[in-house]
Number of protein chains: 2
Amino acid sequence: MNPVDLRLYGIVGPDNARGRDLGALVAAAVAGGCTLIQLRDKTSPTRALVETARSIKAALRGSGVPLLVNDRVDVALAAGADGVHLGQDDMRVRDARALLGPRAIIGLTLKTSADAAALASEPADYGCIGGVFATASKTNPEPPIGLDGLAAAVAAGRGAGMPLGAIAGIDAGNAAAVIGAGADGIAVISAVFNADDPTAAARRLRAVVDGALAARGA
Amino acid sequence: MNPVDLRLYGIVGPDNARGRDLGALVAAAVAGGCTLIQLRDKTSPTRALVETARSIKAALRGSGVPLLVNDRVDVALAAGADGVHLGQDDMRVRDARALLGPRAIIGLTLKTSADAAALASEPADYGCIGGVFATASKTNPEPPIGLDGLAAAVAAGRGAGMPLGAIAGIDAGNAAAVIGAGADGIAVISAVFNADDPTAAARRLRAVVDGALAARGA
């Protein structure tokens, strides 16, 4: 299992960038304290995806912050990204691991406590518990699981011995409660990348997360 | 460059199968004389794509007919397919070659004579000249190039020394003219996979192609 720092996981894509350059946005977010970056783009053609991933990877050079690509193992390989994030409809973790090798970071979306309990049998590096709150960044047909659902999923997934993040509708106002419910970090889209000042937004979120982790004794 | 038999290139996907099992359809098409198969599916999630590609690959076992995957190098790798077919918006041929290795079959769509002329500089194995006739299988914003456009593209691409196929609206009624215009084979979707009897449809198309190639002295 590869070590992953999930404290502030920034997920960027053309739909949530207000037309701004993704490489510049990512550099700004990392300057504010993002610890992990994911490119999530479900619509662009493959050639454009590879170019975008390469430009973000170049923007991250020297930062030590890894770049993961949502769903697309081919794009991650072609762009020299550090790994992939997989949903439950994406490639199976074991197939992605076979293609990417042992050093790649592979994360898996956990939509239910059953998904979280199954994480222990996956050759993954982290889990990310989805649908915590309502969000405008993604269409989620299921109702939000809330803090109680998050705590239950964390409990179900803890046996995997991997870091567990949380995603959906998380902002500076509720991030402390998310960490208090047991998550090891927060994944955000609009809270950082739709902000006028992504560096300031990331810095504030990171301070909230770090404070809540300290309060939890983590 | 890997040898590729483009004479009857069957392209299959869930949108053009009338709900029938793709593995069974492909086996029927190959029984009728298809020389190459492509899985083309622009909408299914990655996990389903990998499963479909594996089932088609299993259906092709022992036939000697290769399976290519449209666009998705990751799916081709995970499913053990024989290569990929790339459009002009898909991954660059050189990137796909680096990921798939020298023995994979890589084909490229050529939409214009300029694309065809550029084929010589690509590490590809064949070209497929698109948009020959009007088709219901794919939305093509450009007007069809017709037999004269096809002949011009073939002339522009011949210097690459690779086989050149043709696609869009090709059926048993016009296939001989397509071969007469210089194509080394025809790529078909609905002419085989929407047919009530894909084996009979493939057999008839293959006979037309073989006859036209013989008439051309190819």
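Residues numbered from 1 in each chain as written. Chains lettered and ligands numbered in written order. Predicted model: local features only at pLDDT ≥ 70, side-chain atom pairs only at ≥ 80, totals over all residues. Heavy atoms only, no water.

**Focus on the sheet that holds strand β2 (residues 36–39) of chain B**
Residues and elements named next belong to chain B. Where we set the bar: For two strands to count as paired, DSSP must find a minimum of two bridges between them. To qualify as a helix, a DSSP run of H or I must reach at least 4 residues; to qualify as a strand, a run of E must reach at least 2; elements of each kind are numbered from the N terminus. For helices, the fitted line uses only the C-alpha atoms of the stretch in contact; every axis is such a line through C-alpha atoms, and the angle between N-to-C directions lies from 0 to 180 degrees.
Taken in spatial order, the eight strands of this closed barrel run β1-β2-β3-β4-β5-β6-β7-β8, and their pairing is parallel. Across this sheet, the average inter-strand angle for adjacent strands is 25°, counted without regard to direction. Where strand β6 (residues 126–129) lies against strand β7 (residues 164–167), three bridges are found, and the strand directions are parallel. Among the inter-strand pairings, glycine 127 is bridged to a residue of β7, identified as leucine 164.

**A closer look at the UniProt feature "binding site: Mg(2+)" (unreviewed entry) in chain A**
Definition in use: UniProt positions are given in the numbering used here, feature names are shortened, and annotations may be inferred rather than shown by experiment. It only takes one pair of heavy atoms within 4.5 Å for two residues to be counted as in contact. Any pair of nitrogen or oxygen atoms within 3.5 Å is treated as a polar contact; in protein, a donor-acceptor pairing is required on top of that, and neighbouring residues in sequence qualify only through side-chain atoms on both sides.
UniProt's entry tags A:Asp71 and A:Asp90 with the feature "binding site: Mg(2+)" (unreviewed entry), counted in the numbering of this structure. Over a stretch of 20 residues, the named residues converge on one spot in the fold, their C-alpha atoms separated by at most 5.6 Å. Positionally, A:Asp71 belongs in the loop between β3 (67–70) and α3 (73–79). In contact with A:Asp71, other than residues within four places in its own chain, are A:Lys42, A:His85, A:Leu86, A:Asp90, A:Met91, B:Thr46, B:Arg72 and B:Asp74. Summarising the element assignment, A:Asp90 is placed in the loop between β4 (83–86) and α4 (93–100). Among the polar contacts made by the side chain of A:Asp90, one reaches the main-chain amide nitrogen of A:Gly87 at a distance of 2.6 Å.

**Points about the interface of chain B and chain A**
Applied cut-off: The term buried area means the drop in 1.4 Å probe accessible area that two parts suffer when joined, counted for both and summed. Every case where a carboxyl oxygen of Asp or Glu lies within 4 Å of a side-chain nitrogen of Lys or Arg is listed as a salt bridge.
Across the boundary between the two partners, chain B contributes 20 residues, which contact 20 residues of chain A. Of all residues in chain B, B:Arg47, B:Asp74 and B:Met91 give up the largest surface area on contact with chain A, accounting jointly for 33% of the area buried on that side. Inspection of the region where chain B meets chain A yields six salt bridges. The salt bridge partner of A:Arg72 is B:Asp74, with a shortest N-O separation of 3.8 Å. Breaking the side of chain B that touches chain A down by element, the ones donating at least two residues are α2 (46–59), α3 (73–79) and α4 (93–100) of chain B.

**Observations concerning the relation of the copies chain B and chain A**
Note on the chain copies: they are related by a rotation about an axis and a translation along it. Put simply, the rule is: In this comparison the copies share one frame, found by least squares on the C-alpha atoms of residues holding pLDDT of at least 70 in both.
The transformation that overlays chain B on chain A combines an axial shift of 0.0 Å with a rotation of 180°, and the residual RMSD is 0.0 Å. Taken together, these values place the two copies in the relation of a two-fold axis. Proximity to the rotation axis, assessed at the C-alpha, singles out B:Asp74 in chain B; its C-alpha lies 2.3 Å from the axis. Both copies contact each other with a shared surface, as 100% of the interface residues of chain B are interface residues in chain A too.

**Overview of the side chain of A:Thr199**
Just so we agree on the cut-off: Between buried and exposed lies partly exposed: a residue is buried under 20% and exposed over 50% of the maximum accessible area for its type, with that area taken using a 1.4 Å probe on protein chains only.
The residue A:Thr199 is located in helix α9 (residues 198–216) in this model. Look at A:Thr199 and you get buried, because its relative accessible area is 17%.

**A closer look at the side chain of B:Asp115**
Relative to the helices and strands, B:Asp115 is located in helix α5 (residues 113–118). If we ignore the near neighbours within four places in the chain, the residues touching B:Asp115 are B:Gln88 and B:Leu110.

**Topic: unusual backbone geometry**
For A:Asp71, which is not glycine, the phi dihedral falls at a positive 75°. In this structure, B:Ala168 is a non-glycine residue whose phi angle is positive, near 105°. For B:Ala168, a relative accessible area of 7% translates into the label buried.

**Focus: the state of the cysteines**
Stated formally: For the purposes of this analysis, a disulfide is any pair of cysteine sulfur atoms at a distance within 2.5 Å.
Per the stated rule, a full pass over the model turns up zero disulfides over all chains. Between A:Cys128, a cysteine without a disulfide, and A:Cys34, which holds the nearest cysteine sulfur, the sulfur-to-sulfur distance is 13 Å.

**Description of the UniProt feature "binding site: 4-amino-2-methyl-5-(diphosphooxymethyl)pyrimidine" (unreviewed entry) in chain A**
Residues and elements named next belong to chain A. Keep this limit in mind: Grid spacing is 1 Å over the protein atoms alone, the probe is 1.4 Å, and a cavity is where that probe fits but cannot get out, while a pocket is an open set with protein on both sides within 12 Å along at least five of seven lines and lining residues have an atom within 4 Å of a point.
The positions that UniProt labels "binding site: 4-amino-2-methyl-5-(diphosphooxymethyl)pyrimidine" (unreviewed entry) are, in the present scheme, Gln38, Leu39, Arg40, Asp41, Lys42, Asn70, Thr109 and Lys138. Lining residues of the second largest pocket, restricted to the annotated ones just named, are Arg40, Asp41, Lys42 and Lys138. In this fold, arginine 40 is placed in the loop between β2 (36–39) and α2 (46–59). Given a relative accessible area of 21%, arginine 40 falls into the partly exposed group. Beyond its immediate sequence surroundings of up to four residues, arginine 40 is in contact with Ile11, Val12, Gly13, Pro14, Asn70 and Lys138. Secondary-structure assignment places lysine 42 in the loop between β2 and α2. For lysine 42, a relative accessible area of 47% gives the class partly exposed. With near-sequence residues (within four places) excluded, lysine 42 lies in contact with Asn70, Asp71 and Asp90. Among the polar contacts made by the side chain of lysine 42, one reaches the side chain of asparagine 70 at a distance of 3.1 Å.

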